[in-house]
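# Inside the fold
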Amino acid sequence: MALFKRINSSKELYNISVSIHNICLRLPNPCQLMVRAKRGKRKQVGDTVPVLYTPEEPDTFIDQDINFSATIYSKGEKFLKKAFSMRVIVIDAKSGKRRKDGKCSIDIGLLI
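Not measured: the values here are computed from a predicted model. Numbers given to residues run from 1 along each chain, matching the order in which its sequence is written. At least 70 in pLDDT is required for a residue's local features to be given in this predicted model, at least 80 for side-chain atom pairs to be given and counted, and no such filter applies to totals for whole chains, interfaces and linings, which use all residues. Neither water nor hydrogens contribute to the side-chain values; these are computed over all heavy atoms in the structure.

### Overview of the environment of Ala37
Cut-off, in case you're wondering: Put simply, DSSP marks the helices as runs of H or I at least four residues long and the strands as runs of E at least two long, and each gets a number from the N terminus on. Burial classes follow relative accessibility: with a 1.4 Å probe on protein chains only, a residue under 20% of its type's maximum area counts as buried, one over 50% as exposed, and anything between as partly exposed. Any two residues whose heavy atoms approach within 4.5 Å are treated as being in contact.
With respect to the helices, strands and loops of the structure, Ala37 is situated in strand S2 (residues 31-39). Taking the relative accessible area as the measure of exposure, Ala37 reaches 0% and is therefore buried. Distance from Ala37 to Arg87, taken between C-alpha atoms, is 6.5 Å for residues 50 residues apart in sequence. For Ala37, the residues in contact, after removing those within four places along its chain, are Gln44, Val45, Gly46, Asp47, Ile66, Phe84, Ser85 and Met86.

Now the structure itself:
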């Protein structure tokens, strides 16, 4: 974040918990799925435990939490932008290779 955006702002530390309930995908082969969470470009927050995916049932229930803390800057009543992204990682059952399949980005500043 640029330094000039933080002028006249106050910083607050928040402990954030993100609950991931399920993922709906259409893949041809059985595999394992996990969700990798990142806050910013370089900071990795955590991964979920891999769960089994079968093509017969496209909804995969994960029901896991990812917890992290973030310093969020505010100007008055408005919070500045803070990026958080989640990416679905598919682990092939035969070879064990990992590939990135989907991505979701969230602005935490809008949710607080």
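There's plenty left to go through after this.
### Observations concerning the state of the cysteines
What counts, and what does not: The definition used for a disulfide is geometric: two cysteine sulfur atoms within 2.5 Å.
The full count for this structure, using the stated rule, is zero disulfides. Cys31 takes part in no disulfide bond, and the closest cysteine sulfur to it belongs to Cys24, at a distance of 13 Å. We note that Cys104 lacks a disulfide partner, and the nearest cysteine sulfur, in Cys24, lies 14 Å from it. Residue classification places Cys104 among the partly exposed positions, given a relative accessible area of 35%.

### Side note on the packing of aromatic side chains
The criterion, for reference: In this scheme Phe, Tyr and Trp rings, the latter by its six-membered ring, pair at centre separations within 6.5 Å, and the angle between planes marks the pair as stacked below 30 degrees, edge-to-face above 60, and tilted otherwise.
Applying the stated criterion across every chain, the model contains two aromatic pairs. Summarising the aromatic geometry, the rings of Tyr14 and Phe79 are spaced 6.0 Å apart at their centres and angled 80° between planes, so their arrangement reads as edge-to-face. You can see Tyr14 sitting in strand S1 (residues 10-24) and its partner Phe79 sitting in strand S6 (residues 78-79), a full 65 residues away along the chain.

### Quick look at a nonpolar patch on the surface
We count it as follows: Only residues above 30% relative accessible area that lack a salt bridge enter a patch, with like-charged residues linked at up to 9 Å and the nonpolar side chains Val, Leu, Ile, Met, Phe, Trp and Tyr linked at up to 5 Å. Surface accessibility in these figures is a Shrake-Rupley result with a 1.4 Å probe; residues are shielded only by whichever protein chains are displayed. Here, a salt bridge means any Lys or Arg side-chain nitrogen found within 4 Å of an Asp or Glu carboxyl oxygen.
On the surface, Leu110, Leu111 and Ile112 cluster together into a nonpolar patch covering about 350 Å² of accessible area. Positionally, Ile112 belongs in the segment after helix H1 (108-111). Its relative accessible area of 39% is what places Ile112 among the partly exposed residues.

### So, the side chain of Ser85
Tracing the sequence through the fold places Ser85 in strand S7 (residues 83-92). Ignoring any residue separated from it by four or fewer positions in sequence, one finds Ser85 in contact with Arg36, Ala37, Lys38, Lys103, Cys104 and Ser105.

### Focus on the pattern of salt bridges
All chains considered together, the criterion is met by two salt bridges. The partner of Asp101 in a salt bridge is Arg99, with the nearest N and O atoms 3.3 Å apart.

### Considering the nonpolar core
Applied cut-off: In this text, buried Ala, Val, Leu, Ile, Met, Phe, Trp, Tyr and Cys residues form a nonpolar core when linked through side-chain atoms within 4.5 Å.
Membership of the largest hydrophobic core comes to 23 residues, with the highest contact counts inside it found for Ile16, Leu25, Leu27, Leu33, Phe68, Phe84 and Met86. Looking at this core, the elements that each hand over two or more residues are S1, S2, strand S4 (51-53), strand S5 (59-75) and S7. When residues in this core are grouped by element, the largest group, five residues, is from S5. Residues contacting Leu33, with those up to four places away along its chain left out, are Leu25, Leu27, Val49, Pro50, Val51, Tyr53, Thr60, Val88, Ile89 and Val90.

### Some words on the sheet that holds S6
For clarity, the threshold we go by: For two strands to count as paired, DSSP must find a minimum of two bridges between them.
What the three strands build is an open sheet, ordered S1-S5-S6; its pairing is antiparallel. Unpaired on one side and paired on the other, S1 and S6 mark the two borders of the sheet. For S1 and S5, the ladder comprises 14 bridges, and the chain directions are antiparallel. Residue pairing in the sheet places Ser17 in a bridge with Asn67 of S5.

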